[in-house]
Amino acid sequence: MSFPPLKNDLILRAARGEETERAPVWVMRQAGRYLPEFRAVRAEHGFFEICRTAELAKEITLQPIRRYTGLIDAAIIFSDILVVPQALGMEVQMNPGPHFPDPLVTPADIEKLTKNVDVDKELGYVYEAITQTRHALNGEVPLIGFCGAPWTLFSYMIEGGGTKTFQKCKSWLFLYPEESKALLNRIADVCIDFLVGQIKAGAQLVQVFDSWAGELAPHHFEEFSLPSLQRIASGVREKLAAANIPAVPMTLFPKGANSQLASLADKAGYDVIGIDWCIDPADARKAVGGKVALQGNLDPMLLYGGRDAIEREVKRMCERFRGGKAPKGWICNLGHGITPGVDPEDLRWFFECVHKYSAA
Ligand code: CP3
């Protein structure tokens, strides 16, 4: 497939660990409810209807790129991590949070999942949205593809939605460890084909969201989440190599798993690791020892703190990531997704401060 030439490759260079003239910046959930232009489209269409309609997904993906032209360094395709459980045959509703009317209750329910999922057929609508968006971006910034991590998807498939305690899905790990591992691998195999398909369709970087990584004890993370994350990283690279398609950088966002950074940098197989705000960037640097680039990490609630606080905290973050030098191997972002009540002009100010304080 041929696409318009890329005019801004800052994020790709930072992802490869290179020095950059300033830190590239984007924010998780940048195409979302804090934008009035998103809410206007959403008022007319269902959430998964938008995901399944390339024209609408493209439009929403481009909204923050248009609004923040020249300030934002990547687009992320509008979709959701829960399209993978749908591809496995589960029903997912968005009302307003995710709801699975028929979650997995015991391992016997695994039988209800679709066997030998034809990922390209089930999720081809995401590929179509990616290809259209990549053309429409006209090379302004790279396009990010994504999926959820097996552990995070496993938790939704068993809890049936969001949870504070993770009681049901953690019970599985203790009561049915072998069945849990088999299911985690099965989810990982769908993720592998899904990411490869997104890359073939035009994604220039891919991110795996392990939003609930930090809910597991370190040894349980090692036992249950890490193997499926490694399986995805190596599986994607192998399939791309076999198809003669150049590799793209891979980011892992293991939210809250800050005690695992050294081990993840060593053995997870990703180019970039996303960190949340609960670790100091300088400590994260020390933990990963230059083996991977880092992404993050301001507390998303900072965006409610007013311009002075935003400027002060961005300046501090830049100092902690840069250590007095030119930024190297750092993709600036929040430490989790932007939330619906943020004033889009405050986000603009955040971007402006990043441009100012991260410059070499
Ligand atoms: O980053 C982007 O702008 C791209 C699109 C994107 C969405 N969800 C759109 C969305 C991405 C990358 C996601 C990832 C996602 N989805 C994650 C991992 C990231 C994270 O924040 O931890 C998770 C856990 C989900 C599951 C999910 N989807 C939840 C919990 C919710 C409801 C609450 C919420 O955070 O908004 C969704 C719905 C959702 N996904 C919305 C959007 C814009 C809002 C739904 C709506 O319009 O009604």
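All residue numbers refer to position in the chain's written sequence, counted from 1. Where local features are concerned, this predicted model is filtered to residues with pLDDT of at least 70; where side-chain atom pairs are given and counted, the filter is 80 or more; whole-chain, interface and lining totals use all residues. Here the side-chain values reflect all heavy atoms present in the structure, with hydrogen atoms and water set aside.

Novice: Give a detailed account of the site of the ligand, specifying residues and quantitative values.
Specialist: Near the ligand there are 23 residues, and of these Arg 29, Arg 33, Arg 42, Ser 211 and His 336 occur at the shortest range. Gln 30 has a polar backbone atom sitting 3.2 Å from an oxygen atom of the ligand. Polar contacts here mean pairs of N or O atoms no more than 3.5 Å apart (in protein, one a potential hydrogen donor and the other a potential acceptor; neighbouring residues in sequence count only if both atoms are side-chain atoms). A distance of 2.6 Å separates an oxygen atom of the ligand from a polar atom in the side chain of His 336. Within the complex, 89% of the 860 Å² of free accessible area of the ligand lies under protein. The residue makeup of the shell around the ligand, split by class, is 13 nonpolar, six polar and four charged. The nearness test applies per residue and asks whether one of its heavy atoms lies within 4 Å of the molecule or strand. Only the protein chains shown count as cover for residues, and all accessible areas are computed by the Shrake-Rupley method using a 1.4 Å probe. Each residue gets one of three labels, nonpolar for Ala, Val, Leu, Ile, Met, Phe, Trp, Tyr, Cys and Pro, charged for Asp, Glu, Lys and Arg, and polar for the others, Gly among them.

Novice: Outline the pattern of salt bridges, supporting the account with residue identities and numerical values.
Specialist: As a working rule, side chains carrying opposite charge can pair if their charged atoms are close by. Throughout this description, the term salt bridge denotes a Lys or Arg side-chain nitrogen within 4 Å of a carboxyl oxygen of Asp or Glu. Summed over all chains, the structure comprises 28 salt bridges. Taking the shortest distance from any N to any O, the salt bridge between Lys 255 and Asp 276 comes out at 3.8 Å. Here Lys 255, found in the loop between strand E6 (250-254) and helix H12 (261-267), pairs with Asp 276, found in the loop between strand E7 (272-274) and helix H13 (281-288); they are 21 residues apart in sequence, far enough to count as distant. Judged by its relative accessible area of 17%, Lys 255 falls in the buried class. For Asp 346, the salt bridge identified is with Arg 307, shortest N-O distance 2.9 Å. With Asp 346 in helix H15 (residues 344-358) and Arg 307 in helix H14 (residues 307-322), the pair connects residues that are 39 residues apart, well separated along the chain. Here the term buried applies to any residue with accessible area under 20% of the maximum for its type, exposed to any over 50%, and partly exposed to those in between, with areas from a 1.4 Å probe on protein chains only. Asp 346 gets classed as buried once you look at its relative accessible area, which sits at 14%. Salt bridges linked by common partners bring Glu 37, Arg 67, Glu 345 and Arg 348 together as one network. In this description a helix means any DSSP run of H or I spanning at least four residues, a strand means any run of E spanning at least two, and both kinds are numbered starting from the N terminus.

Novice: Tell me about the sheet that holds strand E5 (residues 205-210), residues and numbers included.
Specialist: One bridge is not enough; two strands pair if DSSP finds at least two bridges between them. The strand order E1-E4-E5-E6-E7-E8-E9 describes an open sheet built from seven strands, whose pairing is parallel. The sheet is open, and its two edges are formed by strand E1 (75-76) and strand E9 (330-334), each paired on a single side. In terms of strand pairing, E6 meets E7 through two bridges, oriented parallel. The residue bridging Leu 252 from the neighbouring strand is Ile 273, located in E7. Across the sheet, helix H10 (residues 177-201) touches strand E4 (143-148), E5 and E6, and the angle it forms with E4 is around 170 degrees. In this description, contact between two residues means that some pair of their heavy atoms is separated by no more than 4.5 Å. Axis definition: a line fit to C-alpha positions, over the contact stretch in the case of helices; interaxial angles, taken between N-to-C directions, run 0 to 180 degrees. In the packing of H13 onto the sheet, the strands contacted are strand E8 (293-298) and E9, and the crossing angle to E8 comes to about 155 degrees.

Novice: Give a description of the pairing of E8 that names residues and reports values.
Specialist: Here is the key point about a regular strand: its side chains alternate between the two faces of the sheet. With six of six residues buried, E8 is to be regarded as a mostly interior element. Handedness of the crossover is the feature at issue here: the chain leaves E7, passes through H13, returns alongside E8, and the resulting connection is right-handed. Sheet analysis places E8 next to E9, joined by five bridges and oriented parallel. When the bridges of E9 are listed, Gln 295 appears paired with Ile 331. Taken together, E8, H14 and E9 constitute a β-α-β crossover, and its handedness is right-handed. With the strands aimed away from the viewer, a crossover counts as right-handed if its path from the first strand over the helix to the second runs clockwise.

Novice: Explain the state of the cysteines to me, and be specific about the residues and the numbers.
Specialist: Think of a disulfide as a covalent bridge from one cysteine sulfur atom to another cysteine sulfur atom. We call a pair of cysteine sulfur atoms a disulfide when they lie within 2.5 Å. Per the counting criterion, the structure on display carries zero disulfides. Cysteine Cys 169 is unpaired, with the sulfur of Cys 191 as its nearest cysteine sulfur at 16 Å.

Novice: Tell me about the nonpolar core, and name the residues and values.
Specialist: For soluble globular proteins, nonpolar side chains are generally found buried alongside one another. With 136 residues, the main nonpolar core has Phe 154, Met 157, Ile 232 and Phe 350 as its most contacted residues. Non-local contacts of Ile 232, meaning those with residues more than four positions away in its chain, are made with Pro 150, Ala 188, Cys 191, Ile 192, Leu 195, Val 208, Met 250 and Tyr 270. Side-chain atoms within 4.5 Å link the members of a nonpolar core, which is a set of buried Ala, Val, Leu, Ile, Met, Phe, Trp, Tyr and Cys residues.

Novice: Residue-level account of the environment of Ile 65, with values.
Specialist: One can find Ile 65 in helix H4 (residues 54-67). The spatial distance from the C-alpha of Ile 65 to the C-alpha of Gly 337 is 17 Å, given a sequence separation of 272 residues. Once residues lying within four places of it in the same chain are set aside, the contact partners of Ile 65 are Gln 30, Ile 72, Ala 74, Ala 75, Leu 137 and Val 141.

Novice: Got a sec to walk through H4? Specific residues and values, please.
Specialist: Counted at 1.5 Å a residue, the expected span for H4 with its 14 residues is 20 Å, and the 20 Å between its end C-alpha atoms agrees. In terms of residue burial, H4 counts as a mostly covered element, since 10 of its 14 residues are buried. Taken as a whole, H4 has its buried residues at Ala 54, Leu 56, Ala 57, Lys 58, Ile 60, Thr 61, Leu 62, Gln 63, Pro 64 and Ile 65. Those residues of H4 hidden inside the fold are in contact with helix H2 (36-44), helix H3 (47-52), E1, helix H7 (124-137) and E4. Working rule for helices: expected span equals 1.5 Å times residues minus one.

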